[in-house]
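The lines below spell out each chain.
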Amino acid sequence: MSVTTIDRTALRARLIELGVLLAVSVPFLFVELGMPLLDPDEGLYATIAQEILNRRDWVIPHINGLPYLEKPPLYFWLTALTFWVFGPSEWAVRLWSALATLGSVLLTWGIGRRLYDDRAGVLAGLALATVVGNALYVRKASTDQLFVFCLALAMYGFLRDVERPDLKRTRFLLFYVGAALGVLAKGFLGLIFPLLIFGVGLAVARGLTWRELNFAPGAALFLLIAAPWHVLAAWRSPTLFEFYVLDNHLLRFLNARRFVEDDVPISTLGFLVVSFLWAFPWGVFVLARPAPDPSPVARWRPVIAVWALVIVGLFALSRFKHEYYALPAFPAIAVLVGAAWASGRDIRRWLWVGMVGCGAGGLWALFMGAGLTPAQAMSGLAVLNAYYRILHEQGVLFPFASPRPFGVLLQWLGLTLLLGWSVATFCWARGWRRASFGSLVAVAGVITVLILRLLAVVEPHHSAKEISRAIMAHARPTDVIVVEGSLEYSPALLFYTGRPVLIVNGAVGYFSFASTLPEANGVFIDTQELIQSWEGPRRVFLVVRRPRAESVVAALPATSVIELGRFGSRWLYSNR
């Protein structure tokens with residue numbers, strides 16, 4: 001067989017693998033990106049991107065005219081560019097979470113192929129594309145999936161070049177590019193994680209000297225990408241940059257930030273349990289063994305385990321963490337799982353372990369779903385989402401009319417676990433390995449549909465779209481919109497109305513810091529100032545998240561308070 005024929009055969013095989021990955025990934029990652037924005041958070045990302053375009057300021061992000069440096073700007077930049085090309089929309093806000101995840105799938109495929117073989121690579125990519133955590137976090141505008149991609153890019157660059165001394169000046173440069181982009185996506189963790197994985201991996205494998213790391217050109221490239229924005233931000237706003245460095249990085253890790261915020265971190269045990277749940281169904285096989293391989297590149301396989309352990313271990317030690325902080329470890333987990341399924345050595349054992357666990361979990365879900373109480377539903381939501389932990393910590397009652405929709409979803413989950421895992425185990429026992437893997441992909445698909453249905457159930461509570469429509473149906477250019485409490489809970493109001501808001505009694509959380517900046521003059525008001533405005537000549541729309549008697553509405557003249565309706569978790573009032 002000629003070299004040309006071999007090359008064509010290899011290319012055809014790569015294209016088939018790519019086609020399979022895309023065929024599975026696209027429906028898992030890109031369906032339902034256009035649902036209404038869910039606050040908190042998503043409206044923040046949308047509004048910041050919109051203000052970048054409006055203000056033409058690409059250095060200091062703004063929200064409601066206030067500088068915002070909780071996060072570095074890469075996601076905001078990409079979303080603003082998408083708005084510029086296609087116009088503002090919900091799907092454009094979430095697009096880069098989905099695209100970044102697809103990029104991570106392709107990089108995971110490449111890492112699996114390089115360290116193991118073609119089959120392991122494509123199975124690893126499929127595992128990452130179908131892990132159930134992506135069903136939620138791909139449909140959430142945030143920096144997290146973008147950071148996962150940047151870290152995967154750095155690790156791909158390292159593992160691609162580790163046995164390629166012939167590259168010389170270009171060796172490991174992709175690693176440095178990934179780390180630099182990670183800093184712009186997530187902050188200094190974009191540098192810390194690659195360096196920790198890199199350093200521990202070198203210590204374990206002992207295959208390179210420091211001189212071989214191409215450090216000088218790599219560091220120069222890293223600084224060329226990551227440094228300019230940091231320098232400009234520090235020059236433009238030293239106080240804000242100090243907040244970005246100190247509060248948002250060091251003090252956040254220690255859960256000792258200088259301003260009081262509502263955020264409630266998850267416990268270490270809760271973090272580990274939820275991380276396993278988000279990695280389902282593939283996390284069950286993370287300890288399964290791959291096939292042995294004496295080739296030189298195989299000695300770098302422990303780096304994959306180091307990758308996963310560094311991410312999960314560091315956040316387990318952190319005093320502040322959320323339930324999704326293990327996402328950057330998922331490409332590494334997917335590679336381990338893909339290699340294990342390609343070898344088949346331990347899959348039978350772990351299928352039976354999963355069978356026991358899914359049997360117990362499925363029966364529990366069927367039982368709990370049948371009689372789910374509001375308190376139980378609230379506790380479950382609090383484990384899975386920081387917003388509900390905050391409400392639970394504040395003693396807020398279950399905010400939905402009935403727990404029944406959640407109970408039905410829980411019962412469907414129970415049936416999926418019982419039937420889906422049984423089919424996968426049966427197929428493996430019959431020697432149908434592809435069918436067994438496909439059965440678990442189907443399990444992940446059904447759970448993805450259930451998560452999409454869950455998002456549809458909670459959307460009216462979280463979304464500010466309907467209340468924004470109600471405001472814009474009546475508002476004139478001179479009217480005023482006022483939001484009670486932290487703007488972080490309703491930032492999509494600005495995106496949907498296209499108008500700034502006043503914030504009454506809302507100098508809390510990040511905005512307790514933002515309220516001290518010169519740009520905050522006239523944005524934050526107290527109850528007395530609201531009363532004066534309420535009795536003034538202009539029409540005022542007031543958005544609150546608490547019942548009338550518990551909110552600032554109780555302090556307003558009762559005869560001039562007109563309730564325009566309740567929209568999910570928000571009430572809308574007007575003075576005329």
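Just above sits the structure.
First things first, this report covers the structure right here in the doc. (Residues numbered from 1 in each chain as written. Predicted model: local features only at pLDDT ≥ 70, side-chain atom pairs only at ≥ 80, totals over all residues. Heavy atoms only, no water.)

## Let's talk about the layout of surface pockets
In this approach a probe as big as a water molecule rolls over the atoms, and the regions it shows empty are the leftover space. As a reminder, the rule being used: Computed over the protein atoms alone on a 1 Å grid, cavities are sets of points where a 1.4 Å probe fits but cannot get out and pockets are open sets with protein on both sides within 12 Å along at least five of seven lines; a residue lines them when it has an atom within 4 Å of a point. Grid points are joined across faces, edges and corners, and a volume is the space filled by probe spheres set on the points. Residue polarity is assigned by list, with Asp, Glu, Lys and Arg as charged and Ala, Val, Leu, Ile, Met, Phe, Trp, Tyr, Cys and Pro as nonpolar; anything else, Gly included, falls into the polar class.
Computed from the structure, the second largest pocket encloses a volume of approximately 640 Å³. Lining the second largest pocket are 23 residues, with Leu391, Gln394, Val396, Arg545 and Arg546 sitting closest to its centre. When grouped by side-chain class, the residues that make up the lining of the second largest pocket number 11 nonpolar, 6 polar and 6 charged.

## Regarding unusual backbone geometry
Excluding glycine, most residues fall at negative phi; most peptide bonds, likewise, are trans. Basically, it comes down to this: The secondary structure listing takes helices from DSSP runs of H or I that are at least 4 residues long and strands from runs of E that are at least 2 residues long, numbered from the N terminus. Relative accessibility decides the category of a residue: with a 1.4 Å probe and only protein chains considered, values under 20% of the type maximum give buried, values over 50% give exposed, and everything between is partly exposed.
With omega at 0°, the peptide bond leading from aspartate 39 into proline 40 counts as cis. Mapped onto the elements of the fold, proline 40 is located in the loop between α1 (3-30) and α2 (42-55). In this structure, the amide linkage connecting phenylalanine 280 to the following residue, proline 281, adopts the cis form with an omega of 0°. Structurally, the position occupied by proline 281 is in the loop between α12 (268-278) and α13 (302-317). Backbone geometry places asparagine 64, a non-glycine residue, at a positive phi of 55°. Within the secondary structure, asparagine 64 sits in the loop between β1 (62-63) and β2 (66-67). On the basis of relative accessible area, asparagine 64 is assigned to the buried category, the value being 6%. Of note, phenylalanine 172 is a non-glycine position whose phi angle comes to about 70°, a positive value. Inspection of the secondary structure assignment puts phenylalanine 172 in the loop between α7 (144-161) and α8 (173-186). What makes phenylalanine 172 buried here is its relative accessible area of 0%.

## Examining α12
Filter applied, for reference: It is the directions from the helix axis to the C-beta atoms whose arc is reported. Here, two residues are considered to be in contact whenever any of their heavy atoms come within 4.5 Å of each other.
Inspection of α12 places Gly270, Phe271, Val274, Ser275 and Trp278 among the buried residues, and these make up the whole buried set. On an axial view of α12, the arc spanned by its buried residues comes to 130°, and they lie on one face. Contacts made by the buried residues of α12 are with α6 (132-137), α13, α14 (330-343) and α16 (374-384).

## Here's the deal with helix α20 (residues 465-474)
Of the residues making up α20, those classed as buried are Lys465, Ile467, Ser468, Ala470 and Ile471. Looking at the buried residues of α20, the elements they touch are α4 (90-115), β3 (480-484), α21 (492-497), β6 (540-544), β7 (562-567) and β8 (570-574).

## Points about the nonpolar core
Put simply, the rule reads: To qualify as a nonpolar core, a set must consist of buried Ala, Val, Leu, Ile, Met, Phe, Trp, Tyr and Cys residues joined through side-chain atoms within 4.5 Å.
Ranked by size, the top nonpolar core spans 104 residues in total, and within it Phe158, Trp282, Phe285, Trp300, Trp307 and Trp341 carry the most contacts. Of all the elements, α14 adds the most residues to this core, at 10 residues. By size, the runner-up hydrophobic cluster in this structure holds 59 residues, among which are Ala141, Phe241, Leu494 and Ala514.

## What about the environment of glycine 338?
For glycine 338, the location among the structural elements is in helix α14. Separated by 222 residues in the primary sequence, glycine 338 and tyrosine 116 have C-alpha atoms spaced 9.2 Å apart.

## Comments concerning the pairing of β8
Here is the rule: Strands are treated as partners if at least two bridges between them are detected by DSSP.
Of all 5 residues in β8, 5 are buried, a share of seventy percent or more. The two faces of β8 match: Arg570, Leu572 and Ser574 on one face and Trp571 and Tyr573 on the other face are all buried. Judged from the 4 bridges that link them, β6 and β8 form a sheet pairing that is antiparallel. Bridge assignment links phenylalanine 541 to a residue of β8, and that residue is serine 574. Pairing analysis gives 5 bridges linking β7 to β8, with the strands arranged antiparallel. Within β8, the residue paired with arginine 566 across the bridge is tryptophan 571. Turn length for the β7-β8 hairpin, with the two strands adjacent in sequence and antiparallel, is 2 residues, and the turn residue glycine 568 shows positive phi of about 65°.

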